[in-house]
Amino acid sequence: MADYDVIIIGGGPGGYVCAIRCAQLGLKTACVEGRETLGGTCLNVGCIPSKALLHASHSLHEAEHNFAKMGLKGKSPSVDWKQMLAYKDDVIGQNTKGIEFLFKKNKVDWIKGWASIPAAGQVKVGDDVHNAKNIVIASGSEPSTLPGVEVDEKVVVTSTGALELPKVPKKMVVIGAGVIGLEMGSVYARLGAEVTVVEFLDAITPGMDSDLAKTFQRALKKQGLSFIMGAAVQNVDAKKTKATVNYKLRKDDSEHAIDADVVLVATGRRPYVEGLGLDALGVKMTERGQIATDHWKTSVPGVWAIGDVIEGPMLAHKAEDEGMAAAEAIAGQAGHVNYDVIPGVVYTAPEVASVGKTEEELKKEGRAYKVGKFSFMGNGRAKAVFQGEGFVKILADKDTDRVLGVHIMGPAAGELIHEACVLMEFGGSAEDLARTCHAHPTFSEAVREAALACGDGAIHA
């Protein structure tokens, strides 16, 4: 038993960042995590391992399709799936051990085990009860599923099971055309699987700018992914090594079925608060099962919440920002998160990234805006590396020229988007961006050209 200024429950991106910031601000800090490694879903079974497999499978695609064009000739590499998984596991290990080092460096205590909150100011782990002036709930989220779909993580899997399949399936059905489903679907498609995505809505990646979503879907189709849109999954009939997905088309209520070796259920995530004792504690929840907060404070004094357990996009970087902000608020500082400037990225090839408003949102608000758009086919470096597909689209206020949203599909989109984030954080205009010198030849020139298109016109269009 020990006394702390702050105990954080959960060692994921929100939790470990919050713990480190609390310690940096002079607070005696502990983090409770029951996994054998720190990093939460993101580092262990989410963001990091999936990016490793995306990188490996994209490298295979380059070898199979583009090496010969550059004069790099020879036999195409074969896939050693066990070695690819070992590479993925090594990446996980390097990152999780890195957080352990940061905890030691910043004098954050790692309390190993699963936490509950028997009373305000108390955190129970096993038989031990620790006292804390402040408790931060950062317990993250878990995959959600559908009625009639039972996950066994062997034939019917979530993203967790999809990262450790014993072999590459011949046929995979992905239920849900969101970020997770499309990323993992593209991995297995590149590795040779026949991938079909079944989506309830009529468009992929719900909430994405529709112009971007349509172009993105066309690109994925060219890569071999198939899509069944407007389909309501009724159930999945799973056997030992096969499964059948039964669905109805919403347009005519007709019934259909599709067989697969593996079914990936990628229908979103839900807050994970099991075992914390929030009901008995009196913590107010939202109708969607999230912890209700006001500047990360819950309804119980001294208890805070951040990340996937509260409202907002379930993104690791959003949780990190909230972790730092909550730590600063606990330490008596202001603490701030600009929820209007939180980027979202899909790490397929091409990458897709967005920040701020979509055209649909601006139209709904009745706000007058202008559009600056530039294709990567006009970007010299993109064409040199066979990545001329996609565009940069900038939405700016019609009167003030202030940038309201930026949407990118193309090479390094996940990196390029932060140029827009910094600009928007300072309330910058499209002209500010257009008048900023960009190095040549770079992918980022496409961002400048889109900004120029908001004014007198792009140069290379």
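See above for the structure.
Residues numbered from 1 in each chain as written. Predicted model: local features only at pLDDT ≥ 70, side-chain atom pairs only at ≥ 80, totals over all residues. Heavy atoms only, no water.

Draft legend 1. Representation of a nonpolar patch on the surface. Taken together, F67, M70, L72 and F386 make up a surface patch of nonpolar side chains, about 360 Å² in accessible area. Looking at the element boundaries, L72 is found in the loop between α3 (47-65) and α4 (81-105). (Patch = residues over 30% accessible without salt bridge, like charges linked within 9 Å, V, L, I, M, F, W, Y side chains within 5 Å. Areas by Shrake-Rupley, 256 points an atom, 1.4 Å probe, with all protein chains shown as cover. Salt bridge = Lys/Arg side-chain N within 4 Å of Asp/Glu carboxyl O. Helix = DSSP H or I, 4+ residues; strand = E, 2+ residues; numbered from the N terminus.)

Draft legend 2. Highlighting the packing of α3 against α4. Direction vectors running N to C along α3 and α4 enclose 140°, while the axes themselves pass 9 Å from each other. The pairing of α3 with α4 is recorded here as oblique in orientation. α3 and α4 meet at a crossing whose hand is right-handed. Of the residues in α4, those touching α3 at I48, P49, A52, L53, H55 and A56 are W81, M84, Y87, K88, V91, I92 and N95. Looking at the contact of α3 with α4 residue by residue, the classes come out as 10 nonpolar, 2 polar and 1 charged. (Axes fitted to C-alpha atoms, helices over the stretch in contact; angles between N-to-C directions. Parallel < 35°, antiparallel > 145°, perpendicular 65-115°, else oblique. Left-handed = near helix turned anticlockwise from the far one by under 90°. Contact = heavy atoms within 4.5 Å. Nonpolar A, V, L, I, M, F, W, Y, C, P; charged D, E, K, R; others polar.)

Draft legend 3. Highlighting the packing of aromatic side chains. Counting across every chain of the model gives 1 aromatic pair. Measuring from centroid to centroid gives 5.7 Å for W81 and Y188, while their planes differ by 55°, and the two rings are tilted. With W81 in helix α4 and Y188 in helix α6 (residues 179-190), this pair connects stretches of sequence that are 107 residues apart. Residue class for W81 comes out buried when judged on its relative accessible area of 8%. (Phe/Tyr/Trp six-rings, centres within 6.5 Å; stacked < 30°, edge-to-face > 60°. Buried < 20%, exposed > 50% of the residue type's maximum accessible area, 1.4 Å probe, protein only.)

Draft legend 4. A look at the pattern of salt bridges. Tallying each qualifying case throughout the model produces 18 salt bridges. Close ionic contact of R270 with E142 constitutes a salt bridge, the shortest N to O distance being 3.1 Å. Here E142 lies in strand β7 (residues 141-143) and R270 lies in strand β16 (residues 269-271), a separation of 128 residues in the sequence. Judged by relative accessible area, which is 24%, E142 ranks as partly exposed. With a closest N to O distance of 3.4 Å, D211 and K393 form a salt bridge. Note that D211 is positioned in helix α7 (residues 210-222) and K393 in strand β21 (residues 391-397), a separation of 182 residues in sequence. By relative accessible area, D211 is classed as partly exposed at 23%. For K393, a relative accessible area of 1% translates into the label buried.

Draft legend 5. Layout of the environment of I180. Here I180 lies in helix α6. In the structure, I180 is positioned 169 residues away from A349 in sequence and 14 Å away in space, judged by C-alpha atoms. Not counting chain neighbours up to four residues away, the residues in contact with I180 comprise S159, A266 and R269.

Draft legend 6. Looking closely at the environment of G372. Mapped onto the elements, G372 comes out in strand β20 (residues 369-375). Remark: the alpha-carbon pair of G372 and E33, spanning 339 residues in sequence, is separated by 46 Å. Excluding anything up to four places from it in sequence, G372 contacts V392, K393, I394, A450, A453 and C454.

Draft legend 7. Main features of the environment of D5. Tracing the backbone shows D5 in strand β1 (residues 3-9). Here the alpha-carbon distance between D5 and G26, two residues 21 residues apart in the chain, equals 9.4 Å. Those residues in contact with D5 that lie beyond four places of it in its chain are G26, L27, K28, A132, K133 and N134. Side-chain polar atoms of D5 contact the backbone nitrogen of K28, separated by 2.8 Å. (Polar contact = N/O pair within 3.5 Å; in protein donor to acceptor, adjacent residues only side chain to side chain.)

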